[in-house]
Amino acid sequence: MLDRKIAPETRPFGFRKLPAETVEILPNGITFHRYSGGDQPVCNLLVSFSGGVQETPTEYEAQMAMSMLQEGTANYSGAEIAEILDFNGARFIRSTSAHRSGVNITMLNSGADEVLPLLADMLIAPSFPSDAVEAAKNVATSQLQINSSKVSFLADKECARMIWGDSHPTSKVATEEKIRTISRDTLSAWHSRMASGRTCHVFLSGLLDDRLVDKVRDFLLSLNLAGEGVEPLIIPMSPAAAGVNFVEKEGARQNAVAAAIPAIPRSHPDYIPLRLAIVALGGYFGSRLMANIREEKGYTYGISSYLAGSLEGSFTGIAAQCDMAYTEPVITEIRKELRDLVLNPPSGEELRRLKLFCSTSLIETLDSPISIMGYYATSLFAGIPDGYFEAQQHAIEALTPDTIAEMAEKYLHPDDLRIAVAGSRI
């Protein structure tokens, strides 16, 4: 009989290889990626074009253009689109990032006959109804007002300006006036320019059979995507000098702290070991920052660190919120923990937990064909090197206290912190 007082036996995952995708370039220029797996008749279709929030005047324009695809086309009303998607068990999500825009549909395989013709009309002939555009603008301005009332949003924006530079597209600030300049014509013009077969990548995943693959291929070949395409606006970051900037928010009940340090690119051989050191710093619940600043000191409910890599550059980020009285102590303890990674890196049980967390998080990529294909899409768009999945496993296995200390000493200097604090001064 099972004794529930005894923990089940555990064992290492062992080395896992990322399954290969199939890639096909179609005559109309579309790149068709696919991967089959799983045991349920469900598939996911991601259609992505070059051109995202950094190539438009405001982040809302790219997002709005994608969300408008659900609001009506040349042949379907918004209500008809919603009914067809719902009846066929399909979920529609817009997909918008720094340099990409698109749509993501998860559906029952049996619904492809109904959903694909609808999707073709959405991609080729959106109508951008004026009333829907105005409603979307109202939602966007309301969301901007809500965001602007949050100290975390204000700190993140100021920290982004400090790490990317004043003139970088990432540092641009949306305003209600800019949102109000968006019109049906501007959205239609953006869509017409962006919808290019040359920059289109399509990712199909799920339990695929030949009939479904052929049907999706025929659907893609039917798309007349004649837009000129949008070239990504890749501008290297230009960080401001290290220091602390304060953003006053009248009536704030707590302060937000956002900090960043410029980092090495993904192509650098130290990038993966550095990312593991940053996980040790604040990348999981048992991390140094959480154990000290939350658990021991009680200064914050939560604090985290991460390594953000992009085509323009990379940076280490740290974020927390706290009572006004704890702002300076939080910053002091962040600096202390950066130094302590050099002097006293994780070892023993702490290192074992760190490696187990990193391994588990990585292997989650293999949970489903959809997550596997999502990894391939992210890798392509973010410029992640080939073999990165396997390289992470080797780096986790080889991780030692000396490696963490070396990464912290080389790349995590407390004096390099760009710190933004938003809220109220005491």
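Structure: above.
These figures come from a predicted structure and were not determined experimentally.

> Explain unusual backbone geometry to me, please; I cannot follow it from the model alone.
Backbone phi values are negative for most residues with the exception of glycine, while trans is the configuration of most peptide bonds. A positive phi angle, near 45°, is found at Phe-128, a position not held by glycine. Topologically, Phe-128 is positioned in the loop between helix H3 (112–124) and helix H4 (130–148).

> Which parts of the structure should I look at to understand the sheet that holds strand S7 (residues 243–248)?
The strand order across the open sheet formed by five strands is S7-S11-S8-S10-S9, and the pairing between neighbours is mixed. The open sheet is flanked by S7 and strand S9 (303–309), the only strands paired with a single partner. Looking at each pair of strands side by side, their axes are set apart by 15° on average, direction ignored. Judged from the nine bridges that link them, strand S8 (residues 255–263) and strand S10 (residues 314–322) form a sheet pairing that is antiparallel. Across the sheet, residue Ile-261 finds its bridge partner in S10, namely Thr-316.

> Before we go on, may I ask you to explain the sheet that holds strand S1 (residues 22–25) in this structure?
Each strand in a sheet pairs with its neighbour through backbone hydrogen bonds, running either in the same direction (parallel) or in the opposite one (antiparallel). Spatially, S1-S2-S6-S3-S5-S4 is the arrangement adopted by the six strands of the open sheet, whose pairing is mixed. Of all strands in the sheet, those bounded by a partner on one side alone are S1 and strand S4 (91–96). Put simply, the sheet's adjacent strands are angled 15° from each other on average, direction ignored. Both S1 and strand S2 (residues 31–36) contribute to a ladder of four bridges, which runs antiparallel. Within S2, the position partnered with Thr-22 by the bridge is Arg-34. The sheet strands contacting H3 are strand S3 (42–50), S4 and strand S5 (100–108), and the helix crosses S5 at an angle near 165°.

> Would you take a moment to explain the nonpolar core for this structure?
Core analysis: the largest hydrophobic core is formed by 56 residues, its most contacted members being Leu-274, Ile-303, Ile-318, Ile-334, Leu-354 and Leu-417. A total of nine residues in this core trace back to one element, the largest contributor, which is helix H9 (residues 271–282). One finds Phe-49, Ala-120, Ile-182 and Val-216 within the second-largest nonpolar core, a separate group that totals 54 residues.

Thresholds, definitions, all that
- Residues numbered from 1 in each chain as written.
- Predicted model: local features only at pLDDT ≥ 70, side-chain atom pairs only at ≥ 80, totals over all residues.
- Heavy atoms only, no water.
- Helix = DSSP H or I, 4+ residues; strand = E, 2+ residues; numbered from the N terminus.
- Pairing = 2+ DSSP bridges.
- Axes fitted to C-alpha atoms, helices over the stretch in contact; angles between N-to-C directions.
- Contact = heavy atoms within 4.5 Å.
- Core = buried A, V, L, I, M, F, W, Y, C linked by side-chain atoms within 4.5 Å.
- Buried < 20%, exposed > 50% of the residue type's maximum accessible area, 1.4 Å probe, protein only.

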